[in-house]
Amino acid sequence: MRLFVAIEISAGLRNAVELRVESIRGMLPAASWLKPEALHLTLAFLGEQAEESVGVIATALAGAAASRASFFVQSAGAGFFPHHRSPRVAWIALEPAEPLSGLALSLREALGLAEIRFDAKRFVPHLTVCRIRSRWKQEDTGAFMHAFEDLDAAPFEVCEIVLFSSELRQSGAVHTILHRLPLSSGH
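Residues numbered from 1 in each chain as written. Predicted model: local features only at pLDDT ≥ 70, side-chain atom pairs only at ≥ 80, totals over all residues. Heavy atoms only, no water.

**Looking at the sheet that holds strand S2 (residues 31-33)**
The strand order S2-S6-S5-S4-S7 describes an open sheet built from five strands, whose pairing is antiparallel. The open sheet has two edge strands with one neighbour each: S2 and strand S7 (156-158). Averaged over all pairs of adjacent strands, the angle between strand axes in this sheet comes to 40°, irrespective of strand direction. As defined by bridge partners, S2 adjoins strand S6 (residues 126-132) across three bridges and the pair is classed as antiparallel. If you follow Ala31 over to S6, its bridge partner there is Ile132. Against the sheet, helix H3 (residues 97-113) engages strand S4 (71-81) and strand S5 (89-95), with an angle of about 90° to S4. (Pairing = 2+ DSSP bridges. Helix = DSSP H or I, 4+ residues; strand = E, 2+ residues; numbered from the N terminus. Axes fitted to C-alpha atoms, helices over the stretch in contact; angles between N-to-C directions. Contact = heavy atoms within 4.5 Å.)

Here it is, written out as structure tokens:
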């Protein structure tokens, strides 16, 4: 099973992103745009895991999640991986970064202690919006950045993490919720 741990985003932010994408998609070079329902904030990508390890993974994540208090986040501009001069992925930032980074670190530490392998690359709190297929010029990256600098979406509360399985299909990835794991209710 291909697994990842993520935060689901609010309907308000999902709708705001969808409206902006619709307004700029036709003006930008070729890209694979994520479906609105696929938008999420990945905290840890676990990759291929044995189905029988899902219980161990969920237990490790549940303990780490319960040790972190819920918090609010909001959109905060846009960016690109690896960088704006040669973009391959366009994304929206979420802030404040600290509670997101702290949560990701706690989850990754719990996975490590449970001897579960995961992608350990540096965590950047973001929502992938599209994967860029052809070269974007400076004016294209500027248009994307401008379109997402002031999204009209209220902050939303992060009160749980979700363990997902991901099945890659011709039509795009299909994400299935395996476990919802609550954060502590204290702020």
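**Some thoughts on the sheet that holds strand S8 (residues 160-169)**
Here four strands make up an open sheet; going across it, the order is S3-S1-S8-S9 and the pairing antiparallel. Both outer strands of the open sheet, strand S3 (40-48) and strand S9 (172-182), are each paired with one neighbouring strand and no more. Across this sheet, the average inter-strand angle for adjacent strands is 25°, counted without regard to direction. Two strands pair when backbone bridges link them, and strand S1 (residues 2-8) and S8 are joined in this way by four bridges, in the antiparallel orientation. Note that in S8 the partner of Ala6 across the bridge is Val162. Against the sheet, helix H2 (residues 54-66) engages S1, S3, S8 and S9, with an angle of about 55° to S9. Along the sheet face, H3 touches S1, S3 and S8 and points at about 20° away from the line of S3.

Shape is all these values report; function is a separate question.
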